[in-house]
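Structural description and commentary
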Amino acid sequence: KLDQTAHTAQWTHWFPGVIGCIDGTHIPIIAPSVNEGDYVNRKSFHSINVQIICDAANIITNVEAKWPGSVHDSRIFRECTLSTKFGHGEFTGYLLGDRGYPCLPYLLTPYPDPEPGPQQRYNLAHCRTKARVEMTIGMLKARFQCLQRLRVTPERACDIIVACVILHNIATIRGEHCPSEPNISSDPNHEHPDPPTDIQDGRAVRDTICHNHFLAITSTC
(Lines give C-alpha, C1' and ligand atoms only; values in the text may rest on other atoms or scores of the structure.)
Protein backbone atom coordinates (compact mmCIF):
# COMPACT_ATOMS: atom_id res chain seq x y z
CA LYS A 1 0.00 0.00 0.00
CA LEU A 2 1.28 3.47 -0.84
CA ASP A 3 1.73 5.60 2.28
CA GLN A 4 0.75 9.07 1.16
CA THR A 5 1.93 10.65 4.42
CA ALA A 6 5.47 9.28 4.34
CA HIS A 7 8.08 12.03 4.12
CA THR A 8 5.88 14.33 2.00
CA ALA A 9 7.57 17.38 3.51
CA GLN A 10 10.89 16.31 2.03
CA TRP A 11 9.48 16.41 -1.49
CA THR A 12 8.25 20.00 -1.36
CA HIS A 13 11.69 21.53 -1.83
CA TRP A 14 11.51 20.73 -5.53
CA PHE A 15 7.91 19.97 -6.46
CA PRO A 16 4.57 20.59 -4.69
CA GLY A 17 2.20 17.83 -3.61
CA VAL A 18 4.40 14.85 -4.47
CA ILE A 19 3.70 11.59 -2.61
CA GLY A 20 5.91 9.33 -4.70
CA CYS A 21 7.97 8.86 -7.84
CA ILE A 22 7.39 5.99 -10.26
CA ASP A 23 9.60 4.23 -12.76
CA GLY A 24 10.11 0.87 -14.40
CA THR A 25 13.28 -1.18 -14.43
CA HIS A 26 14.12 -4.40 -16.23
CA ILE A 27 15.55 -7.29 -14.23
CA PRO A 28 17.31 -9.69 -16.62
CA ILE A 29 16.38 -13.37 -16.44
CA ILE A 30 17.36 -16.48 -18.37
CA ALA A 31 15.14 -17.40 -21.31
CA PRO A 32 12.06 -19.17 -19.93
CA SER A 33 10.79 -22.41 -21.43
CA VAL A 34 7.20 -21.12 -21.67
CA ASN A 35 6.11 -17.98 -23.57
CA GLU A 36 9.74 -17.11 -24.15
CA GLY A 37 8.99 -14.33 -26.64
CA ASP A 38 6.87 -12.41 -24.12
CA TYR A 39 9.94 -11.80 -21.97
CA VAL A 40 12.07 -10.20 -24.68
CA ASN A 41 12.14 -6.45 -24.10
CA ARG A 42 12.92 -3.57 -26.45
CA LYS A 43 16.64 -4.09 -25.89
CA SER A 44 16.31 -7.71 -26.99
CA PHE A 45 17.07 -9.47 -23.73
CA HIS A 46 14.78 -11.50 -21.46
CA SER A 47 13.54 -9.64 -18.40
CA ILE A 48 10.85 -8.90 -15.85
CA ASN A 49 9.62 -5.32 -16.13
CA VAL A 50 9.30 -4.12 -12.54
CA GLN A 51 7.31 -1.06 -11.49
CA ILE A 52 8.82 0.80 -8.54
CA ILE A 53 7.32 3.67 -6.54
CA CYS A 54 9.41 5.27 -3.82
CA ASP A 55 9.20 8.05 -1.28
CA ALA A 56 11.70 10.80 -0.49
CA ALA A 57 13.66 8.55 1.89
CA ASN A 58 14.36 5.86 -0.76
CA ILE A 59 11.72 3.55 0.73
CA ILE A 60 9.93 1.52 -1.95
CA THR A 61 6.25 2.03 -1.16
CA ASN A 62 4.88 -0.04 -4.02
CA VAL A 63 6.29 -2.73 -6.31
CA GLU A 64 4.73 -4.60 -9.23
CA ALA A 65 6.94 -7.54 -10.13
CA LYS A 66 4.96 -9.88 -12.37
CA TRP A 67 5.09 -8.53 -15.90
CA PRO A 68 7.17 -9.88 -18.82
CA GLY A 69 9.79 -7.58 -20.31
CA SER A 70 7.74 -6.89 -23.45
CA VAL A 71 5.00 -5.10 -21.48
CA HIS A 72 5.03 -1.28 -21.57
CA ASP A 73 5.41 0.74 -18.35
CA SER A 74 2.11 2.52 -18.97
CA ARG A 75 0.18 -0.75 -19.18
CA ILE A 76 1.70 -2.00 -15.93
CA PHE A 77 0.53 1.13 -14.13
CA ARG A 78 -2.86 1.16 -15.82
CA GLU A 79 -3.63 -2.39 -14.71
CA CYS A 80 -2.24 -2.22 -11.18
CA THR A 81 -4.48 -1.87 -8.12
CA LEU A 82 -2.81 1.38 -7.13
CA SER A 83 -3.90 3.05 -10.37
CA THR A 84 -7.52 2.18 -9.60
CA LYS A 85 -7.18 3.61 -6.11
CA PHE A 86 -5.76 6.86 -7.48
CA GLY A 87 -8.59 7.00 -9.99
CA HIS A 88 -11.11 6.63 -7.15
CA GLY A 89 -9.53 9.50 -5.26
CA GLU A 90 -8.11 7.42 -2.40
CA PHE A 91 -4.84 9.42 -2.37
CA THR A 92 -4.21 13.14 -2.20
CA GLY A 93 -1.16 14.23 -4.14
CA TYR A 94 0.80 13.31 -7.23
CA LEU A 95 3.13 10.68 -8.55
CA LEU A 96 5.92 11.86 -10.85
CA GLY A 97 6.84 9.70 -13.82
CA ASP A 98 8.71 9.98 -17.10
CA ARG A 99 7.15 10.25 -20.53
CA GLY A 100 6.71 6.50 -20.69
CA TYR A 101 3.53 7.14 -18.69
CA PRO A 102 0.42 9.10 -19.68
CA CYS A 103 -0.02 12.48 -18.03
CA LEU A 104 -2.89 11.97 -15.59
CA PRO A 105 -4.40 14.15 -12.84
CA TYR A 106 -2.49 12.06 -10.31
CA LEU A 107 0.57 11.06 -12.41
CA LEU A 108 2.45 14.05 -13.76
CA THR A 109 4.97 13.81 -16.56
CA PRO A 110 7.35 16.41 -18.08
CA TYR A 111 6.38 18.73 -20.89
CA PRO A 112 7.53 17.05 -24.13
CA ASP A 113 8.59 20.35 -25.73
CA PRO A 114 8.79 22.89 -22.90
CA GLU A 115 8.55 26.57 -23.68
CA PRO A 116 11.14 28.87 -22.08
CA GLY A 117 10.19 30.02 -18.61
CA PRO A 118 7.65 28.23 -16.39
CA GLN A 119 7.51 25.02 -18.43
CA GLN A 120 11.29 24.67 -18.41
CA ARG A 121 11.37 25.34 -14.66
CA TYR A 122 8.59 22.80 -14.15
CA ASN A 123 10.59 20.20 -16.11
CA LEU A 124 13.74 20.95 -14.12
CA ALA A 125 11.95 20.54 -10.79
CA HIS A 126 10.26 17.39 -12.09
CA CYS A 127 13.61 15.93 -13.16
CA ARG A 128 15.33 16.74 -9.87
CA THR A 129 12.50 15.25 -7.83
CA LYS A 130 12.01 12.14 -9.94
CA ALA A 131 15.73 11.38 -9.70
CA ARG A 132 14.89 9.91 -6.30
CA VAL A 133 13.30 6.80 -7.82
CA GLU A 134 16.27 6.32 -10.15
CA MET A 135 18.56 6.53 -7.13
CA THR A 136 16.36 4.08 -5.22
CA ILE A 137 16.47 1.54 -8.04
CA GLY A 138 20.24 1.96 -8.18
CA MET A 139 20.48 1.29 -4.43
CA LEU A 140 18.29 -1.80 -4.73
CA LYS A 141 20.50 -3.27 -7.46
CA ALA A 142 23.69 -2.32 -5.63
CA ARG A 143 22.54 -4.11 -2.50
CA PHE A 144 21.43 -7.24 -4.34
CA GLN A 145 23.81 -8.19 -7.12
CA CYS A 146 21.63 -11.20 -7.97
CA LEU A 147 19.30 -8.73 -9.71
CA GLN A 148 21.92 -8.27 -12.41
CA ARG A 149 20.56 -11.56 -13.85
CA LEU A 150 18.28 -14.10 -12.23
CA ARG A 151 18.83 -17.68 -13.35
CA VAL A 152 15.41 -18.96 -12.28
CA THR A 153 11.90 -19.24 -13.71
CA PRO A 154 9.94 -15.99 -14.15
CA GLU A 155 7.64 -16.89 -11.24
CA ARG A 156 10.58 -17.48 -8.93
CA ALA A 157 12.29 -14.34 -10.22
CA CYS A 158 9.27 -12.24 -9.23
CA ASP A 159 9.36 -13.70 -5.70
CA ILE A 160 13.07 -12.90 -5.41
CA ILE A 161 12.57 -9.32 -6.62
CA VAL A 162 9.85 -8.66 -4.04
CA ALA A 163 12.00 -10.21 -1.30
CA CYS A 164 14.90 -7.93 -2.30
CA VAL A 165 12.58 -4.90 -2.12
CA ILE A 166 11.48 -5.83 1.40
CA LEU A 167 15.08 -6.29 2.54
CA HIS A 168 16.07 -3.01 0.87
CA ASN A 169 13.37 -1.19 2.85
CA ILE A 170 14.51 -2.79 6.11
CA ALA A 171 18.12 -1.80 5.39
CA THR A 172 17.09 1.74 4.49
CA ILE A 173 14.97 2.19 7.61
CA ARG A 174 17.85 0.91 9.74
CA GLY A 175 20.22 3.32 8.05
CA GLU A 176 22.52 0.64 6.70
CA HIS A 177 25.15 1.82 4.25
CA CYS A 178 24.57 1.01 0.60
CA PRO A 179 27.51 -1.10 -0.64
CA SER A 180 28.24 1.20 -3.58
CA GLU A 181 27.10 4.57 -4.75
CA PRO A 182 24.33 4.04 -7.32
CA ASN A 183 24.82 5.60 -10.73
CA ILE A 184 21.43 7.10 -11.54
CA SER A 185 22.49 8.48 -14.90
CA SER A 186 23.02 5.25 -16.81
CA ASP A 187 21.05 2.18 -15.78
CA PRO A 188 21.80 -0.23 -18.65
CA ASN A 189 18.52 -2.06 -18.06
CA HIS A 190 16.36 1.05 -17.93
CA GLU A 191 14.36 2.03 -20.99
CA HIS A 192 12.95 5.35 -22.08
CA PRO A 193 10.00 4.17 -24.18
CA ASP A 194 7.96 6.27 -26.53
CA PRO A 195 5.11 8.24 -24.93
CA PRO A 196 1.92 6.16 -24.61
CA THR A 197 -1.08 6.82 -26.77
CA ASP A 198 -3.49 6.76 -23.80
CA ILE A 199 -5.76 9.73 -23.17
CA GLN A 200 -3.61 12.17 -21.23
CA ASP A 201 -6.22 14.07 -19.20
CA GLY A 202 -3.72 15.33 -16.63
CA ARG A 203 -2.42 18.10 -18.84
CA ALA A 204 -4.75 20.71 -17.29
CA VAL A 205 -3.49 19.77 -13.82
CA ARG A 206 0.07 20.04 -15.07
CA ASP A 207 -0.60 23.47 -16.56
CA THR A 208 -2.18 24.66 -13.30
CA ILE A 209 0.82 23.54 -11.24
CA CYS A 210 3.16 25.11 -13.75
CA HIS A 211 1.30 28.42 -13.56
CA ASN A 212 0.86 28.46 -9.77
CA HIS A 213 4.33 27.33 -8.75
CA PHE A 214 6.77 27.97 -11.60
CA LEU A 215 5.59 31.24 -13.10
CA ALA A 216 8.29 33.17 -11.28
CA ILE A 217 11.90 32.13 -10.71
CA THR A 218 12.13 30.88 -7.14
CA SER A 219 14.58 28.91 -5.03
CA THR A 220 12.83 25.65 -5.97
CA CYS A 221 14.12 25.95 -9.50
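Under an unreviewed UniProt entry, the name given to the chain is Putative nuclease HARBI1, and the organism recorded is Oreochromis aureus. Under the UniProt heading Cofactor (unreviewed entry), the note attached to the chain is "a divalent metal cation".

1. Quick word on the overall build of the chain
Each helix and strand in the chain was counted, giving six helices and five strands. Among the 221 residues that make up the chain, the fraction classed as buried is 51%. Long-range contacts, defined here as pairs at least 24 residues apart, represent 68% of the contacts in the chain between residues at least 6 apart. If you sum the accessible surface of the chain, you get close to 10,800 Å²; carbon and sulfur atoms cover 53% of it.

2. Some details on the pairing of strand β2 (residues 47-54)
Among the eight residues in β2, eight count as buried, and that is most of the element. Side chains of β2 alternate between two faces, with S47, N49, Q51 and I53 and I48, V50, I52 and C54 buried alike. Pairing of strand β1 (residues 18-28) with β2, which is carried by eight bridges, proceeds in the antiparallel orientation. The residue bridging I27 from the neighbouring strand is I48, located in β2. Of the pairings in the sheet, the one linking β2 to strand β3 (residues 60-68) comprises six bridges and is antiparallel in character. Along β3, the bridge assignment pairs I48 with P68.

3. Remarks on the side chain of N169
The topology assignment puts N169 in helix α5 (residues 154-173). Exposure remark for N169: the relative accessible area of 13% places this residue in the buried category. A polar atom in the side chain of N169 sits 2.8 Å from the backbone nitrogen of I60. In this view, N169 contacts N58, I59 and I60; residues no more than four positions away in its chain are not counted.

About the cut-offs
Residues numbered from 1 in each chain as written. Predicted model: local features only at pLDDT ≥ 70, side-chain atom pairs only at ≥ 80, totals over all residues. Heavy atoms only, no water. UniProt positions renumbered as here; feature names shortened; annotations may be inferred. Helix = DSSP H or I, 4+ residues; strand = E, 2+ residues; numbered from the N terminus. Buried < 20%, exposed > 50% of the residue type's maximum accessible area, 1.4 Å probe, protein only. Contact = heavy atoms within 4.5 Å. Areas by Shrake-Rupley, 256 points an atom, 1.4 Å probe, with all protein chains shown as cover. Pairing = 2+ DSSP bridges. Polar contact = N/O pair within 3.5 Å; in protein donor to acceptor, adjacent residues only side chain to side chain.

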